[in-house]
Amino acid sequence: MGNKRDIVQKLHELVYKEAVKVREEAAPFFAAHSDLSKMNSKLICDETRLRRDRVVWHKLVWFAQHVPKHAIISWLTFLNRLATRDRLMRMGVVNENCCIFCAAEESRNHLFFECGFAREVWRGVLAMCLLNQGVLDWDAEIEWAIDFMKGKSLLTFILKLSLSASIYLIWEERNRRCFTGVSSYC
Ligand SMILES: [Zn+2]
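Residues numbered from 1 in each chain as written. Predicted model: local features only at pLDDT ≥ 70, side-chain atom pairs only at ≥ 80, totals over all residues.

1. Some words on the overall build of the protein chain
- Along the protein chain, the regular secondary structure elements total 10 helices and zero strands.
- Its helices and strands taken in sequence order, the protein chain reads α-α-α-α-α-α-α-α-α-α from the N to the C terminus.
- In the protein chain, which comprises 186 residues, the share counted as buried stands at 31%. (Helix = DSSP H or I, 4+ residues; strand = E, 2+ residues; numbered from the N terminus. Buried ≥ 20, exposed ≤ 12 C-beta atoms within 10 Å, placed from the backbone.)

2. Quick look at the packing of helix α5 (residues 68-78) against helix α10 (residues 154-180)
- Between α5 and α10, the least distance of the axes is 8 Å, while the angle of their chain directions is 80°. With respect to each other, α5 and α10 are oriented roughly perpendicular. Contacts from K69, H70, A71, I73, S74 and T77 of α5 reach α10 at S164, A165, I167, Y168 and W171.
- Considering only residue class, the contact of α5 with α10 consists of six nonpolar, four polar and one charged. (Axes fitted to C-alpha atoms, helices over the stretch in contact; angles between N-to-C directions. Parallel < 35°, antiparallel > 145°, perpendicular 65-115°, else oblique. Contact = placed C-beta atoms within 7 Å. Nonpolar A, V, L, I, M, F, W, Y, C, P; charged D, E, K, R; others polar.)

3. A short note on the environment of N109
- Checked against the element boundaries, N109 lands in helix α7 (residues 108-114).
- Residues in contact with N109, not counting those within four places in the same chain, are E114, D137 and W138.

4. Considerations on the nonpolar core
- Residues L11, A118, V121, V125, I167 and I170 are the most contacted members of the largest nonpolar core, which totals 35 residues.
- Of all the secondary-structure elements, those providing two or more residues to this core are α1 (2-22), α4 (58-61), α5, α7, α8 (116-128) and α10.
- Looking at which element gives the most residues to this core, the answer is α10, with 11 residues. (Core = buried A, V, L, I, M, F, W, Y, C linked by C-beta atoms within 7 Å.)

5. A look at unusual backbone geometry
- Residue F112 is joined to F113 through a cis peptide bond whose omega torsion reads 0°.
- By the secondary structure assignment, F113 is in helix α7.
- Even without glycine at this site, Q65 takes up a positive phi of about 65°.
- Along the chain, Q65 falls in the loop between α4 and α5.
- Note on Q65: 12 C-beta atoms within 10 Å, which makes it exposed.
- With a phi close to 65°, L130 is a non-glycine residue in the positive phi region.

6. Description of α10
- Given a rise of 1.5 Å per residue, 27 residues ought to cover 39 Å, and the 38 Å separating the end C-alpha atoms of α10 matches this to within 8%.
- Of the residues one or two after α10, G181 is the one with positive phi, at around 75°. (Expected span 1.5 Å × (residues − 1).)

7. Brief notes about the packing of α8 against α10
- For the pair α8 and α10, the least separation of the axes is 11 Å and the interaxial angle reads 155°. Looking at the two axes, α8 sits roughly antiparallel to α10. Crossing geometry of α8 relative to α10 is assigned as right-handed. Residues A118, V121, W122 and V125 of α8 form the contact with α10, whose own contacting residues are S162, S166 and I170.
- Class assignment for the residues of the contact of α8 with α10 results in five nonpolar, two polar and no charged. (Left-handed = near helix turned anticlockwise from the far one by under 90°.)

8. Section: α5
- Of the residues making up α5, those classed as buried are H70, A71, I73, S74, W75, T77 and F78.
- Packed against the buried residues of α5 are α4, α7 and α10.
- Two residues or fewer after α5 comes N80, characterised by a positive phi angle close to 55°.

9. A short note on the confidence of the model for the protein chain
- In this model, the protein chain carries a mean pLDDT of 81, and residues with pLDDT of at least 70 account for 74%.
- Throughout residues 36-50 the model reports pLDDT below 50, and contacts reaching past four residues in sequence, or to other chains, amount to 18 contacts. (pLDDT = per-residue confidence, 0-100.)

See below:
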């Protein structure tokens, strides 16, 4: 349980840093919710630019002041082009497709956010934004995000930063455990 809280704490710090960098009014928001321990529930290039203009989710990834490394991983996730084990197995690269967090079959949709680990992280991030709601499957969650994360409000900005940061950090943690067998949050 502790490592999930730690990853949400890291997300909080990361989103705080990015939000305050570009939006001064973000500081009071985070100041009010800085102690997560007290919150129980709570480029790539022009070629891709042409493509993203045609997809409805592009504004969730490629918004002003996005964090490039987060946006790239999010973009690959939306396209279902991450090297998840279900894809690698179909390509004959690996011969097992178990999720490193829970041993279910690893796929884009499992990692985001059917997997218990990822679901708890995203639930914690939503709670950080005072959205105490259940976490849905990938399609439903993105459908909700497209509908909810509109406009130029501070909350929308923070949620977009948080979504990309969550995807990035879950994928980074997955890779760390796959390739080193070590969790950075234990
Ligand atoms: Zn899993």
